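# A look at the structure
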Amino acid sequence: MDKICGNIISDTVKFSQFADFDGKVVAIKGYIHRIREMTGFAFVIIRTDRDLIQCVYAPEFSSYRWDDKLCEEACVKVHGKVAKSTDAKGNVRYELQIHNIEILSLPADNLPIVINKKQLDNIGLSTVLDLRPISMRNPKERAIFKVQEGIARGFRECLMKNGFTEIRSPKINFAGAEGGTNIFKLDYFGKQVYLAQSPQLYKQALVGVYQRVFEVAPVFRAEHHDTSRHLNEYTSMDFEMGFINDFTDIMNMEVMVLKHIMNLLKSEYAEELDILHIDVPEITEVPSIKFMDAKELIMKKFKYQPQDMKDFDPTEEELLGKYAKKELGSDFLFVTHYPSKKRPFYTMDDPNDPEYTLSFDLLFRGLEITSGGQRIHDYEEQVEKMVKCGMDPSQFETYLMLHKYGAPPHGGLGIGLERLTMHLLGAKNVRETTMFPRDINRVTP
Ligand code: AMO
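Right, let's walk through the structure included here. Here the structure is a predicted model, which is why all the values come from computation and not from measurement. (Residues numbered from 1 in each chain as written. Predicted model: local features only at pLDDT ≥ 70, side-chain atom pairs only at ≥ 80, totals over all residues. Heavy atoms only, no water.)

### Some details on the sheet that holds strand β15 (residues 332-336)
Taken in spatial order, the 8 strands make up an open sheet running β8-β12-β13-β20-β19-β18-β15-β14, and their pairing is mixed. Two strands lie at the open edges of the sheet, namely β8 (165-166) and β14 (288-290), each paired on one side alone. Strand direction decides the pairing type here: strand β12 (residues 212-220) and strand β13 (residues 233-242), joined by 9 bridges, are antiparallel. Across the sheet, residue phenylalanine 220 finds its bridge partner in β13, namely glutamate 233. (Pairing = 2+ DSSP bridges. Helix = DSSP H or I, 4+ residues; strand = E, 2+ residues; numbered from the N terminus.)

### Details of the pattern of salt bridges
Counted according to the given criterion, the structure contains 31 salt bridges. A salt bridge links glutamate 316 to lysine 295, with the shortest nitrogen-to-oxygen separation between them at 2.6 Å. Pair noted here: glutamate 316 is in helix α8 (residues 314-328) and lysine 295 is in helix α7 (residues 291-300), with a separation of 21 residues, a long-range link. Lysine 295 carries the same exposure label as glutamate 316, and that label is buried. Via salt bridges that share partners, Lys203, Asp238, Glu240 and Arg375 belong to a single interconnected network. (Salt bridge = Lys/Arg side-chain N within 4 Å of Asp/Glu carboxyl O. Buried < 20%, exposed > 50% of the residue type's maximum accessible area, 1.4 Å probe, protein only.)

### Description of the layout of surface pockets
Quantified by volume, the second largest pocket comes out at close to 860 Å³. Around the second largest pocket, the lining is made up of 26 residues, and of these Leu52, Lys118, Pro139, Glu271 and Ile275 lie nearest the centre. For the lining of the second largest pocket, the secondary-structure elements that each account for two or more residues are β3 (25-37), β5 (52-57), β7 (92-105), α3 (139-161) and α6 (270-275). For the lining of the second largest pocket, the element with the highest residue contribution is α3, accounting for 5 residues. (1 Å grid on protein atoms, 1.4 Å probe; cavity = no way out; pocket = protein on both sides within 12 Å on 5 of 7 lines; lining within 4 Å. Points joined across faces, edges and corners; volume = space filled by probe spheres on them.)

### Quick notes on the side chain of arginine 375
Position of arginine 375 among the secondary structure elements: in the loop between β19 (367-374) and α9 (379-388). A polar side-chain atom of arginine 375 sits 3.1 Å from the main-chain carbonyl oxygen of glycine 412. Setting aside chain neighbours within four positions, we find arginine 375 in contact with Gln200, Lys203, Gln204, Glu240, Tyr346, Met348, His410, Gly411, Gly412 and Leu413. (Polar contact = N/O pair within 3.5 Å; in protein donor to acceptor, adjacent residues only side chain to side chain. Contact = heavy atoms within 4.5 Å.)

### Structural notes on the sheet that holds β5
On the basis of which strands lie adjacent, the closed barrel formed by 5 strands has the order β3-β4-β5-β7-β6 and mixed pairing. On average, each strand axis in the sheet is tilted by 55° relative to the strand beside it, whichever way the strands run. With 12 bridges connecting them, strand β6 (residues 75-86) and β7 associate as antiparallel partners. Its bridge partner lying in β7, valine 76 is registered against isoleucine 103. (Axes fitted to C-alpha atoms, helices over the stretch in contact; angles between N-to-C directions.)

### Focus on the pairing of strand β11 (residues 191-195)
By the bridge criterion, 2 bridges tie strand β9 (residues 172-173) to β11 in an arrangement that is antiparallel. Across the sheet, asparagine 173 pairs through a bridge with tyrosine 194, a residue of β11. Relative to β11, strand β10 (residues 185-188) runs antiparallel, the two sharing 4 bridges. Looking across to β11, one finds that tyrosine 188 is bridged to lysine 191. The antiparallel pairing of β10 with β11 creates a hairpin that spans 2 residues between the two strands, and phenylalanine 189 there sits at a positive phi of about 55°.

### Description of the site of the ligand
Of all residues adjacent to the ligand, which total 23 residues, the nearest are Gln200, Lys203, Glu368, Ser371 and Arg375. Within the side chain of glutamate 178, one N or O atom sits 2.7 Å away from a nitrogen atom of the ligand. Taking 620 Å² as the accessible area of the ligand by itself, protein coverage stands at 93%. For the shell around the ligand, the secondary-structure elements that each account for two or more residues are α4 (200-210), β13, β19 and β20 (410-416). With 5 residues, the single largest contributor to the shell around the ligand is β19. Class assignment of the residues belonging to the shell around the ligand gives a composition of 5 nonpolar, 9 polar and 9 charged. (Near = heavy atom within 4 Å. Areas by Shrake-Rupley, 256 points an atom, 1.4 Å probe, with all protein chains shown as cover. Nonpolar A, V, L, I, M, F, W, Y, C, P; charged D, E, K, R; others polar.)

### Quick word on a negative patch on the surface
A surface patch of like charges, here negative, comprises Asp378, Glu380, Glu381 and Glu384. Topologically, glutamate 384 is positioned in helix α9. A relative accessible area of 59% means that glutamate 384 is categorised as exposed. (Patch = residues over 30% accessible without salt bridge, like charges linked within 9 Å, V, L, I, M, F, W, Y side chains within 5 Å. Lys, Arg positive; Asp, Glu negative; His and termini not counted. Charge placed at Lys NZ, Arg CZ, Asp CG, Glu CD.)

See the structure below:
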């Protein structure tokens with residue numbers, strides 16, 4: 001019988017509830033994932049939102065008789081009796097002895113790929129992405145994005161617990177926040193505007209209101225290169241904190257957030273971690289190294305000659321990742337005090353050595369997943385830095401309202417969700433951990 005709970009009608013049970021319904025007749029809804037016909041009976045695996053439920057059809061279970069229209073990817077409602085069994089190792093299992101299968105809809109065509117194996121056949125990333133709406137039905141593929149949900153959820157949960165307010169900043173903007181050439185220009189009723197490279201200008205403004213803010217939202221970067229770590233649209237998990245003592249407050253908050261995320265994954269996403277063989281990092285303390293010390297280490301220890309002394313290339317990040325793991329026992333490494341020339345206009349220079357900044361990146365298993373730091377809060381200082389960076393402060397009047405009318409010492413960071421997911425999974429390409437990637441060659445599906 002349907003139970004009416006508020007305005008949601010729940011006439012089915014979840015697999016996780018099967019233990020409570022042992023021996024009882026219940027209904028489930030889902031896709032037919034696989035049919036295995038045996039002599040005199042058949043296994044029908046139903047794929048629900050998160051589970052694969054084994055159902056068994058046999059004439060002795062009920063008067064229901066097999067319908068030849070039943071096929072894989074049909075949407076069905078199955079009634080059946082929950083049956084408990086114990087395997088040789090003593091593991092308890094539940095299945096459903098089918099009493100009835102109601103067909104809700106039938107697919108119009110056969111699938112172009114096999115999705116009902118543990119993982120997709122070796123069809124190549126490009127095909128996986130071309131067919132995303134269906135390739136994601138594969139249990140391994142969908143597990144990736146469930147884990148990604150857990151990461152974003154953990155980020156949000158931890159910050160809400162720590163007094164942060166969730167904000168929504170516009171994605172069509174009057175100016176770029178991050179500088180560089182990777183900005184999308186847009187014709188906006190005859191006026192040139194830009195797609196947001198980050199919520200930077202707005203999250204800083206809102207520190208002046210809520211003191212601690214965060215946002216999880218898409219941002220856009222006109223990356224012209226086809227790399228395994230760059231997307232043209234990605235999800236940025238940003239926070240900004242006011243009234244900080246110094247930029248280590250930001251780093252400490254990030255460590256707390258990451259610990260919360262990893263614990264949440266272990267407690268509520270165990271099945272997906274298992275499917276994906278994810279090795280969740282143990283986080284106690286995260287070591288940190290100054291940028292120039294890291295450069296020296298790369299040159300002396302790894303005998304690698306950097307091309308650019310103001311930034312790291314991917315090989316350098318990998319070497320630092322190896323160093324952190326082998327010598328410091330950590331999957332994460334903060335690199336602090338980046339050169340002023342390479343950081344955006346809002347970054348505070350180190351008063352003790354203005355060639356460098358009070359900023360940091362966080363490397364995770366040898367990949368940059370976060371940039372952050374302390375921001376300039378003094379009006380004159382910010383205007384001066386903008387001029388030094390070749391910017392026209394009058395174009396940034398609304399941004400500078402924060403500084404002009406009183407800003408606390410503050411700072412924040414941005415984490416690339418897809419990149420964090422990528423290295424948590426040990427994936428080789430960020431597109432593998434992006435639901436519908438946008439890159440120089442792809443805007444579909
Ligand atoms: P930054 O530009 O370094 O900093 O970006 C922050 C993090 O976002 C991710 N990221 C990307 N991921 C996929 N594709 C890209 N093209 C891409 N570009 C960046 C990375 C990176 O570490 N406003 C600052 C953050 C701050 O200081 O608060 C910013 O956006 O994981």
